[in-house]
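Letter by letter, the chains look like this.
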Amino acid sequence: VQGTGGSSAVSKCSAAARGYIQDPFLRLLAARRRRRAPLIHRGYYIRARAVDHCVQDFLLKTRSLPRTQILSLGAGFDSLYFRLKDMGLLHHTVVYEVDFPNVACQKAALIKGRKELSALVGGTGGEGLGAITFYGEDYKLLGVDLSELSELERILEEAGLNNEIPTLFMAEVVLTYMENIRSDALIQWAAEHFPQACFLVYEQVHPEDPFGRVMQQHFSQLNTALHSLAQYPDCEAQQRRFLAKGWTECSVMDMNEFFTCCIPEDEQQRVQTLEPFDEYEEWHLKCSHYFVLAASKGMRPSWTPLLPDARGAGAVGMAGSVPASVCAGLSGITGLRRYGHRSVLIKRNVVLTTGGFGEEDGQHCRMRNCHVLRKHAGCWEAVCVTQNIPDKRWGERLYHTVSCLSDTLALVVGGRTSPSSAGLGMLWLQFPETCKSSGPDDVAVEPVSLQLAAEAAALRWRHSTTEVTFKGEQYLFVYGGRSALQPVLGDWHFLHAPELSCTAVAVEGPVPESRHSHSACSWEGGVLIAGGLGAAEQPLGSVFLLRELEHGFQWQTVETHPSLVPRYSHTAHVHEGKLLLVGGVWLRASSVPGITVIDLMTGLCLDYVINVEHLEWPLMLHNHSSVFLPDEKELLVIGGGGNCFSFGTHLNPEPVMLSLSSILISH
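Reading the values: rules and limits
Residues numbered from 1 in each chain as written. Predicted model: local features only at pLDDT ≥ 70, side-chain atom pairs only at ≥ 80, totals over all residues. Heavy atoms only, no water. UniProt positions renumbered as here; feature names shortened; annotations may be inferred. Salt bridge = Lys/Arg side-chain N within 4 Å of Asp/Glu carboxyl O. Helix = DSSP H or I, 4+ residues; strand = E, 2+ residues; numbered from the N terminus. Buried < 20%, exposed > 50% of the residue type's maximum accessible area, 1.4 Å probe, protein only. Arc of directions from axis to C-beta. Contact = heavy atoms within 4.5 Å. Pairing = 2+ DSSP bridges. Axes fitted to C-alpha atoms, helices over the stretch in contact; angles between N-to-C directions.

Per an unreviewed UniProt entry, the protein goes by the name tRNA wybutosine-synthesizing protein 4 and belongs to Elachura formosa. As its UniProt record puts it under Subunit (unreviewed entry), the protein is described as follows: "Interacts with RNF144B/IBRDC2."

(A) Representation of the pattern of salt bridges. All told, the structure shown has 27 salt bridges when counted by the stated rule. The shortest N-O distance in the salt bridge between Arg42 and Glu537 comes to 2.8 Å. Taken together, the residues span a long stretch of sequence, with Arg42 in helix 3 (residues 38-61) and Glu537 in the loop between strand 29 (526-530) and strand 30 (543-548) at a distance of 495 residues. For the pair Arg42 and Glu537, one class covers both residues: buried. A salt bridge links Asp57 to Lys61; the shortest N-O distance between them is 3.1 Å. Here Lys61 and Asp57 lie together in helix 3, a separation of 4 residues that amounts to about one turn. Classification of Asp57 as buried rests on a relative accessible area of 16%. Accessibility expressed as a relative area gives 34% for Lys61, which makes it partly exposed. When salt bridges that share partners are traced, they join Asp278, Glu281, Arg416, Arg462 and Arg482 into one network.

(B) Representation of helix 13 (residues 265-272) within the structure. Among the residues making up helix 13, those that are buried are Glu267, Gln268, Val271 and Gln272. What you see down the axis of helix 13 is that its buried residues fit within an arc of 135°, all on one side. Those residues of helix 13 that are exposed and aimed more than 90 degrees away from the buried face are Glu265 and Asp266. At its buried positions, helix 13 is contacted by helix 3 and helix 12 (255-262).

(C) Focus on the sheet that holds strand 23 (residues 464-470). Spatially, 23-24-25-26 is the arrangement adopted by the 4 strands of the open sheet, whose pairing is antiparallel. Both edges of this open sheet fall to strand 23 and strand 26 (501-503), since each of them pairs with a single strand only. Strand-to-strand twist across the sheet, computed as the mean angle between neighbouring axes with direction ignored, equals 40°. By the bridge criterion, 5 bridges tie strand 24 (residues 473-479) to strand 25 (residues 492-496) in an arrangement that is antiparallel. Bridging from a neighbouring strand, Val478 pairs with His493 of strand 25.

(D) Region of the structure containing the environment of His516. Structurally, the position occupied by His516 is in the loop between strand 27 (506-508) and strand 28 (519-523). As a C-alpha pair, His516 and Thr260 span 256 residues in sequence and 19 Å in three-dimensional space.

Here you go:
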C-alpha cells in the first residue's frame, strides 16, 4: 500500500510533462521519471481535475471565514499544498497531511532537499519531532497509521488541528485499502468531532463486471486489495454509507459524468488533442470504475461541488438473458486472443479472422497471420494461415474492415498500425476454393492500386464497409471512422465492385452526425448504421437507414422505443427484420451491454443480459468480432478486450457461442 503513493506520483508527473496537468511541483516529489501511456495520462488527469475541482470549491466557499483547514489522509507524495500555496489560495488555511511514518519521512526529506519546496513552507519550516516529520506555519506533515484512530486523533491534536473551524477531509484512493470497519470508523469520527466539515473521496467502484474483475485481480496481485468494494460496490452504496455515518449532504459522480458535466467543452477538446489517442473503450471503462464523492455537514452555505445530471442515469431494464458458453473446438488457440480484428463468414460454416492486436508465441503484438475457422461434423476447428505479403505493415493492422465478395475473394479496407500513423490502404485476400481448415493453405495477399478518390475512402480506421445494391449493381459503401488527422469522420464513398472505382451516387435526407466505432449492416439493398462515438467522444444512440431510391439513396432515421442506449464498439447483424447489437461500451455504469434486439418494423428495442455463469473468466464484449449463424440462431464471438488502464491487457481467452434461439422466437 505504501508503494502506491510513489507509483501515483510518477504517473501524475508524466501527465504534467505532457501538458495534461499544470503543476511544476510534481517533478520535485516524484522519486523517478517514467513516461506513461496516453491512457494513463488521461486517467490521472481526470483524477487530479476532480480533486482540484472540489478543493478549490471548498476554498472559494470559505474564503470569507477567518480560518479553515484541510486534512489530507494518505497524502503520499501529493503536491496539493505547494500548488495551493503557489496560487495564493492558503491565506487563512492550514494543510495537514497524514501518511505512514515511512512515507512521511521520505516526503519530509524531499521537501528539505528541494529549495523550491522548503521555501514555500516558509522561514519557520523545519523538521519536526516524533510523528510531526515536517512543519511550517500553514503546513504539517504527520507520520501515523490511519487505521489506528485513537493514535491519529492524539497526533492531530498535538499538531494543532482545530475541531471548531471548517475542515475539508480528503481521501484520494485511501479508504479502500483499509478494512471497512476501520474506514467506516474514520468517516464517522470525522462527522462526530467536526461540526462544520466536508469529506472528499476518490476511489474505485463496480467490482463485478468484466473490467471490475480485472481491476480487482490487479490490486490483489499487488497485495493492495480493495476492501471497500464488496460492501460498497457502487456510487449509491457509497452515498448511503456517508449519510449513515453522520454526514447530512452527499453527492457522487463517476468520472464519465464528471468529465461531461464539470469540465468545460474547450478544456475537454484541449485534453483530447494533446496526444495521438485510440483507446476510447478503455478510457470510458476506466472512468466508469472510479468516482468522486463530496459529503458535508454544518456548512453554511451548503457545500455541493458536484451536481449530478439526472439525464441518462439509472439502470437499463433487461428483457431476459442469453446464455454464453465456450466454443469447445476453438479453445486453447492463442491466435484467437485478439482485439481490433475482423471476422467474416466466407461461406456457410467457414469464417476468416484477420488483423488486430493479440497474443502470439507468448508475446503481445499486432497480429500478422489470419485464422480460418471451419465447422466440420458439428464441431468448430481452426488453423493459422500465413499471409504472403512482402511489407509486413500491410498485414499488421487494427480496426480495418473485411468484405467478402465471393467464396474465394475478400477485400480489406483501411485500418492502422499506430494512432499517429496514416491509415493503411486496401488489400485483396485470395483464398483457395476448398478453404480447408485441416491444411496450412496460404492466403494470397495483394495490395490494391487505387485511384486518388478511392484512396481517400481507404485511409481511415474504425469505419464501416457495407455491401449495397444500386440499379442492380454491387457497391461497397465506406462510411465514417477516423484518421490520423481527423478524430472523427462523417463522409462516405461508393466503391463499385469489383474494380473499386469511386462512383458518385446521389444521397438525400438528414445527414447522420460524424462517428466512428459504429455498426453497419446490409439490409434490403441499403445500410443500417447504429451507434458509434461522436465528435465529442460521446457515445451515440441514433440508428439510420440508408435506403435505395430510384435515383440514389436517402438517409432515414429509425425511431426506437424505448430509445436505444448510446453505445459504440459493438458488432451488429440483421436477421428476419431484426437488428441485433452485440456488446459494446456505454456509459451506464450499472451494467454492461449484452444483446439488444431492435424490431425494424415496430421500432421496439429490448436489451438482454448475457449469462456468463459457465465462463471462468471475464467476458469483455468490446473490440471483438462476431459472426451470426442463422441456421442455429447462434452468435460466434471471437476475441475482444483491451488494455485495462494500468491493470494489464485482458484478451478474452476463448471464442464464445451465444444462443439466441429463445430471444429471436420470443420476438
